[in-house]
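The residues making up each chain are set out below.
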Amino acid sequence: MSPENPLVNHTSPTPAGLRGPGIFLAQFMSAEAPFDTLANIARWAAAQGYKAIQLPTLGTQYIDLARAADSQDYCDELKAVCTQAGVEISELSTHLQGQLVAVHPAFDTLFDDFAPEHVRGQPQARTEWAIDQLKLAARASQRLGLKAHATFSGALLWPYVYPWPQRPSGLVEQGFAELARRWLPILDCFEEAGVDLCYEIHPGEDLHDGASFERFLEAVDHHPRAAILYDPSHLLLQQMDYLGFIDRYHERIRMFHVKDAEFRPDARSGVYGGYQGWVERPGRFRSLGDGQIDFKSIFSKLTQYDFAGWAVLEWECCLKDAEQGAAEGAAFIQQHMISKTRKAFDDFASVASDERFNRRLLGLPDA
């Protein structure tokens with residue numbers, strides 16, 4: 001968003017600027033209270049200091065996606081439940097359904113559990129179900145008044161990410177062409193709904209770094225709704241420049257997961273992790289403030305570029321308990337929020353000028 005955009009409020013976090021804190025609920029879902037129903041978990045989130053909740057949509061525990069896509073009354077009821085609890089819905093998520101839009105056969109069995117029973121063991125039917133889920137999410141987001149949506153791209157090429165044996169010529173191009181073929185109708189549906197479709201840049205997905213996102217963007221003809229969910233933890237663990245990533249892609253960054261991580265390579269293993277568990281591997285997800293990520297610089301850059309979205313905690317930590325991480329996370333995000341200034345710090349020393357005055361300062365004759 002440009003600095004001249006009239007929707008940008010330069011004095012405080014508002015719907016047109018950086019907002020927070022929010023929390024992604026996927027890692028907290030449970031059959032036990034207070035995580036069992038939307039009303040209960042919304043009240044719990046508000047009590048922790050969160051202003052918004054990001055809803056996973058697989059299953060119907062917090063939201064019935066099909067019903068939300070077709071019923072404005074139902075969406076109004078969902079919003080009312082959240083408002084009464086003291087939070088709002090920041091975005092919906094179809095991470096698991098998006099994963100099923102494109103599955104390499106090597107992962108068919110593992111990913112089948114993400115799908116309903118009636119399409120398991122049927123890759124084509126499972127893909128069609130996943131595509132329909134994304135289209136439902138576009139309409140549901142529109143009815144809820146949301147501006148962005150979170151998902152995964154899925155992966156047809158991930159088994160070939162390390163080129164040994166050498167990849168056949170044209171394999172990558174064909175893979176991205178097929179990925180684009182599956183996603184273009186979905187992107188068009190999000191365009192009709194006026195909602196950005198934000199792919200979380202994530203290892204295991206075909207869109208796992210900037211280069212792969214650029215390939216996809218070209219394959220979908222730079223679709224205006226093809227956007228990025230920025231999560232610096234996944235970039236740190238790939239040893240990428242996660243601050244430079246914002247500089248390069250800020251125009252496409254429409255969502256933000258606040259998640260920490262650390263990378264401590266040693267003589268035994270590095271980026272790939274040596275098949276070790278999360279505690280032992282060099283790259284580990286951590287609770288906010290316990291890792292290595294420079295969030296002060298991230299929040300500064302997002303504010304600089306007028307990021308208009310929510311700062312949403314995604315809790316994943318190999319050491320700290322989820323509830324402790326959530327309780328600490330709200331305050332952590334709040335401390336990093338920036339109310340963008342509406343004036344320059346040295347305005348007090350400014351002097352009036354006109355073209356004639358400026359020419360005098362430059363030693364030029366009057367025009």
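Residues numbered from 1 in each chain as written. Predicted model: local features only at pLDDT ≥ 70, side-chain atom pairs only at ≥ 80, totals over all residues. Heavy atoms only, no water.

## Details of the overall build of the chain
1) Next: Scanning the chain from terminus to terminus reveals 13 helices and ten strands.
2) Next: Seen along its three principal axes, the alpha-carbon backbone of the chain occupies a region of about 80 × 55 × 45 Å.
3) Next: For the chain, buried positions account for 49% of its 367 residues.
4) Next: Within the chain, residue pairs in contact and separated by at least 24 positions form 78% of the contacts whose partners lie at least 6 positions apart.
5) Next: A gap of 4 Å separates the mean positions of the 34 positive and 50 negative side-chain charges of the chain. (Helix = DSSP H or I, 4+ residues; strand = E, 2+ residues; numbered from the N terminus. Buried < 20%, exposed > 50% of the residue type's maximum accessible area, 1.4 Å probe, protein only. Contact = heavy atoms within 4.5 Å. Lys, Arg positive; Asp, Glu negative; His and termini not counted. Charge placed at Lys NZ, Arg CZ, Asp CG, Glu CD.)

## Quick look at the pattern of salt bridges
1) Next: What the rule picks out here adds up to 23 salt bridges.
2) Next: Lys-259 serves as the salt-bridge partner of Glu-314, at 3.5 Å between the closest nitrogen and oxygen. A residue pair is termed long-range when its members are at least 10 positions apart, and Glu-314 in the loop between strand E10 (310–313) and helix H12 (322–336) and Lys-259 in the loop between strand E7 (253–258) and strand E8 (260–263) qualify at 55 residues. Each member of the pair, Glu-314 as well as Lys-259, carries the same accessibility label: buried.
3) Next: For Glu-262, the salt bridge identified is with Arg-286, shortest N-O distance 3.1 Å. Of this pair, Glu-262 sits in strand E8 while Arg-286 sits in strand E9 (residues 283–286); the two residues are 24 residues apart in sequence, bridging distant segments of the chain. The same class applies to Glu-262 as to Arg-286, namely buried. (Salt bridge = Lys/Arg side-chain N within 4 Å of Asp/Glu carboxyl O.)

## Points about the sheet that holds strand E3 (residues 88–94)
1) Next: Here eight strands make up a closed barrel; going around it, the order is E1-E2-E3-E4-E5-E6-E7-E10 and the pairing parallel. Geometrically, the sheet is characterised by an average inter-axis angle of 30° between neighbouring strands, direction not taken into account.
2) Next: Bridge count between strand E5 (residues 196–200) and strand E6 (residues 226–230): four bridges; the pairing is parallel. Each residue of the ladder has a partner; that of Tyr-199, found in E6, is Ile-228. (Pairing = 2+ DSSP bridges. Axes fitted to C-alpha atoms, helices over the stretch in contact; angles between N-to-C directions.)

## Details of the confidence of the model for the chain
1) Next: With 95% of its residues at a pLDDT of 70 or more, the chain shows a mean pLDDT of 94.
2) Next: Confidence drops under pLDDT 50 across residues 1–15; counting only partners more than four residues distant or on other chains, this segment forms 28 contacts. (pLDDT = per-residue confidence, 0-100.)

## Considering the layout of surface pockets
Any empty space left between the atoms is revealed when a probe the size of a water molecule rolls over them.
1) Next: Its volume calculated, the largest pocket comes out at about 1,200 Å³.
2) Next: If you go around the largest pocket, you meet 31 residues; those closest to its centre are Trp-158, Val-161, Pro-203, Val-271 and Tyr-272.
3) Next: Secondary structure elements with two or more residues in the lining of the largest pocket: helix H7 (171–193), helix H8 (210–219) and E9.
4) Next: It is H8 that provides the largest number of residues to the lining of the largest pocket, a total of three residues.
5) Next: The class makeup of the residues in the lining of the largest pocket is 17 nonpolar, nine polar and five charged. (1 Å grid on protein atoms, 1.4 Å probe; cavity = no way out; pocket = protein on both sides within 12 Å on 5 of 7 lines; lining within 4 Å. Points joined across faces, edges and corners; volume = space filled by probe spheres on them. Nonpolar A, V, L, I, M, F, W, Y, C, P; charged D, E, K, R; others polar.)

## Here we look at the packing of aromatic side chains
1) Next: This structure, assessed with the given rule, holds 17 aromatic pairs.
2) Next: Centre to centre, the rings of Tyr-162 and Tyr-272 are 6.2 Å apart; their planes meet at 85°, and the pair counts as edge-to-face. Of this pair, Tyr-162 sits in the loop between strand E4 (148–151) and H7 while Tyr-272 sits in the loop between E8 and E9, placing them 110 residues apart in sequence. Note on accessibility: Tyr-162 and Tyr-272 belong to one class, exposed.
3) Next: A ring pair is formed by Phe-213 and Tyr-249, whose centres lie 6.3 Å apart and whose planes are at 85°; its orientation type is edge-to-face. Within this pair, whereas Phe-213 is found in helix H8, its partner Tyr-249 is found in helix H10 (residues 242–249), the two being separated by 36 residues in sequence.
4) Next: Residue classification places Tyr-249 among the buried residues on the basis of a relative accessible area of 9%.
5) Next: Taken together, Phe-213, Tyr-230, Phe-245, Tyr-249, Phe-256, Phe-299 and Phe-307 form an aromatic cluster joined through their ring pairs.
6) Next: A cation over an aromatic ring shows up here: Lys-259 above the ring of Phe-285, its NZ or CZ 4.0 Å from the ring centre.
7) Next: One cation-aromatic arrangement involves Arg-281 over Trp-278; the distance from NZ or CZ to the ring centre is 4.1 Å. (Phe/Tyr/Trp six-rings, centres within 6.5 Å; stacked < 30°, edge-to-face > 60°. Lys NZ or Arg CZ within 6 Å of the ring centre and 35° of its normal.)

## Notes on H12
1) Next: Spanning 15 residues, H12 covers 21 Å between terminal C-alpha atoms, matching the ideal 21 Å at 1.5 Å per step.
2) Next: Gly-329 marks where H12 bends most, by close to 25°.
3) Next: Among the residues of H12, Ala-322, Gly-325, Ala-326, Gly-329, Ala-330, Phe-332, Ile-333 and His-336 are the ones counted as buried.
4) Next: Where H12 is buried, its residues contact strand E1 (19–24), helix H1 (38–48), E7, helix H11 (295–304) and E10.
5) Next: The opening residue of H12, the one whose side-chain oxygen lies 2.9 Å from the backbone nitrogen of Glu-323, is Asp-321. (Expected span 1.5 Å × (residues − 1). Bend = angle between axes of the 7 residues up to and from the residue. Polar contact = N/O pair within 3.5 Å; in protein donor to acceptor, adjacent residues only side chain to side chain.)

## Here we look at the packing of H11 against H12
The angle between the axes and the distance between the axes are what describe a pair of packed helices.
1) Next: The interhelical angle for the contact between H11 and H12, taken along N-to-C directions, is 55°, at an axis separation of 10 Å. On the basis of the axis angle, H11 is oblique to H12. In this structure, H11 meets H12 at a crossing whose hand is right-handed. Within the contact between the two elements, H11 uses Phe-295, Lys-296 and Phe-299 and H12 uses Phe-332, Ile-333 and His-336. (Parallel < 35°, antiparallel > 145°, perpendicular 65-115°, else oblique. Left-handed = near helix turned anticlockwise from the far one by under 90°.)

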